[in-house]
Amino acid sequence: MKTTFYSNGKLLITGEYLVLDGAKAFALPTKFGQNLIVAKGENQEIQWKSYDADSHVWFEDIITFAEIIDNPETETETVKTTLINILHEAYLLNPEFITQSEGYQISTQLTFPKNWGLGTSSTLLNNIAQWTKIDAFTLLKNSFGGSGYDIACAQNNTPILYHLQQDLPIIEKIAFKPEFSQNLHFVYLNKKQSSKAAISAYYNNKNNNLAKIITNNDKITQTVIQAKTGKEFAKALAIHEAEMSNVLEMQTIKERLFPDFDGVIKSLGAWGGDFVMAISKEDPTEYFITKGYETIIPYNEMILA
């Protein structure tokens, strides 16, 4: 008897970094995600296998119940130690999945290549939370940390407006069906960005005008959500990109990589890696391929609507 859990991937359109400080973020769950399949096992252990989108096993190991309960300290962080830490935090929140079981056989299956940065960790966390019957936001807080917008996307099948209020997640479902979706494409930058490293860079660069920056962000986010035309949408995101460039003291991705692009390019989530959104009148596929970027996904193929 197998039980399957599923969570959506995510893309953050506005509010990157600032969402950690209470700003409103506009986020889109993706058609890509991750399954967690749980079957009975034995020997007080979990036989764990993780598959990439092409069904290649990218991680395989045995984790004992004792390791989950004790969470032994290690000098180096590996996939296994990270997984033990998540399961340990889940155990602290609800021990029954360990105390009332003989063991498990668990497999995870991504429906996107794991280097895409669509939420390998957040989809795993949300699936583990569903399986162990605990709150995914609490599990995130106790393990990885972060704003939780990715957990909200994992759990929702529509675009969302997300913010933290007194450290609690506030999620508002949004009716966002842009008539200009054919002008929107997502381009993979051939490089996975560490959100941990990016967040720490943000904290080092945060300046004193944060309240004002957050107010501006929230206004831009509303404009983006309510945009009736591609031009209005693109203009708002170009302003957002310029504001974040100032906060992070980094060049925008367009300035750095695509200065000759005829349109707007918006960084998504952690700047400098993963996907960007390209907004243009013409299909930009050929442009990006000539620049060496071959993963270009139209809006309607990427986003759950």
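See the structure above.
Just so you know, these numbers come straight off a predicted model, no measurement behind them. (Residues numbered from 1 in each chain as written. Predicted model: local features only at pLDDT ≥ 70, side-chain atom pairs only at ≥ 80, totals over all residues. Heavy atoms only, no water.)

A.B. asks: Outline helix α4 (residues 120-132), supporting the account with residue identities and numerical values.
C.D. replies: Its 13 residues place the ends of α4 18 Å apart at the C-alpha level, agreeing with the 18 Å of an ideal helix rising 1.5 Å per residue. Of all the 13 residues making up α4, eleven are buried; the element is thus mostly covered by neighbouring parts of the structure. Inspection of α4 places T120, S122, T123, L124, L125, N126, N127, I128, A129, W131 and T132 among the buried residues, and these make up the whole buried set. (Helix = DSSP H or I, 4+ residues; strand = E, 2+ residues; numbered from the N terminus. Expected span 1.5 Å × (residues − 1). Buried < 20%, exposed > 50% of the residue type's maximum accessible area, 1.4 Å probe, protein only.)

A.B. asks: A description of the packing of helix α2 (residues 79-93) against α4 should follow, citing residues and the corresponding values.
C.D. replies: Across the interface, α2 lies against α4 with an axial gap of 11 Å and an inter-helix angle of 35 degrees. Considering the relative orientation of α2 and α4, their crossing is right-handed. The residues of α4 that touch α2, namely those facing L83, I86, L87 and A90, are L124, L125, I128, W131 and T132. Classifying every residue of the contact of α2 with α4 gives eight nonpolar, one polar and no charged. (Axes fitted to C-alpha atoms, helices over the stretch in contact; angles between N-to-C directions. Left-handed = near helix turned anticlockwise from the far one by under 90°. Contact = heavy atoms within 4.5 Å. Nonpolar A, V, L, I, M, F, W, Y, C, P; charged D, E, K, R; others polar.)

A.B. asks: Please give an account of the packing of aromatic side chains that cites residues and values.
C.D. replies: Applying the stated rule across the entire model yields 18 aromatic pairs. Centre to centre, the rings of F258 and F288 are 5.2 Å apart; their planes meet at 80 degrees, and the pair counts as edge-to-face. One end of the pair, F258, is in the loop between α10 (253-257) and β9 (264-267); the other, F288, is in helix α11 (residues 285-290), and 30 residues separate them in sequence. An identical accessibility class is assigned to F258 and F288; each is buried. Three or more aromatic residues joined by ring pairs form one cluster here, namely F26, F176, F180, F186, F233 and Y299. Taking the ring centre of W58 as reference, the NZ or CZ of K114 above it sits at 4.6 Å. (Phe/Tyr/Trp six-rings, centres within 6.5 Å; stacked < 30°, edge-to-face > 60°. Lys NZ or Arg CZ within 6 Å of the ring centre and 35° of its normal.)

A.B. asks: How would you summarise the nonpolar core if you had to cite specific residues and measurements?
C.D. replies: Ranked by internal contacts, the top residues of the largest apolar core, which has 40 residues, are I46, W48, L87, I128 and W131. Per-element accounting of this core gives the leading share, six residues, to α2. Each residue touching L87, except ones within four places of it in the same chain, is listed here: I46, W48, I63, I68, F97, I128 and W131. Counting residues in each nonpolar core, the second largest holds 33 residues, with F26, L161, L268 and I303 among its members. (Core = buried A, V, L, I, M, F, W, Y, C linked by side-chain atoms within 4.5 Å.)

A.B. asks: Lay out the environment of A90 in plain terms, naming residues and giving numbers.
C.D. replies: With respect to the helices and strands, A90 occurs in helix α2. Of the residues examined, A90 reaches a relative accessible area of 0% and is grouped as buried. Along the primary structure A90 and T76 are separated by 14 residues, whereas in three dimensions their C-alpha atoms are 21 Å apart. Setting aside anything within four residues of it in sequence, one finds A90 in contact with F97, I128, T132, I134 and L139.

A.B. asks: Got a sec to walk through the sheet that holds β9? Specific residues and values, please.
C.D. replies: With respect to topology, four strands assemble into an open sheet ordered β9-β10-β8-β11, the strand pairing being antiparallel. Looking at the sheet topology across the chains shown, the edges are occupied by β9 and β11 (296-298). Ignoring strand direction, the axes of neighbouring strands in this sheet form an average angle of 25 degrees. Here β9 runs beside strand β10 (residues 275-279); their pairing, made up of four bridges, is antiparallel. Following the sheet pairing, S267 is matched in β10 by V276. Lying over the sheet, helix α9 (residues 230-248) contacts β8 (184-188), β9 and β10, oriented at roughly 50 degrees with respect to β9. (Pairing = 2+ DSSP bridges.)

A.B. asks: Go over the pairing of strand β1 (residues 3-14) with me, naming the residues and quoting the values.
C.D. replies: Burial within β1 is extensive, with nine of its twelve residues counted as buried. Alignment of β1 against strand β2 (residues 25-40), held across ten bridges, turns out to be antiparallel. The residue of β2 that forms the bridge with S7 is Q34.

A.B. asks: Tell me about the pattern of salt bridges, residues and numbers included.
C.D. replies: Scanning all chains against the criterion turns up six salt bridges. The salt bridge partner of K266 is E16, with a shortest N-O separation of 2.9 Å. Within this pair, whereas K266 is found in strand β9, its partner E16 is found in the loop between β1 and β2, the two being separated by 250 residues in sequence. Each member of the pair K266 and E16 is classed as buried. Here the residues in one salt-bridge network are E16, E241 and K266, joined through shared partners. (Salt bridge = Lys/Arg side-chain N within 4 Å of Asp/Glu carboxyl O.)

A.B. asks: Account for the packing of helix α8 (residues 210-226) against α9, naming residues and giving values.
C.D. replies: Relative to each other, α8 and α9 sit at 160 degrees, their axes nearing to 9 Å. Our classification of the angle between α8 and α9 gives roughly antiparallel. Considering how the two elements wind past one another, α8 and α9 form a crossing that is left-handed. Of the residues in α9, those in contact with I213, N216, N217, I220, T223 and V224 of α8 are F233, A236, L237, I239, H240, E243 and V247. Its residues assigned to classes, the contact of α8 with α9 shows eight nonpolar, four polar and one charged. (Parallel < 35°, antiparallel > 145°, perpendicular 65-115°, else oblique.)

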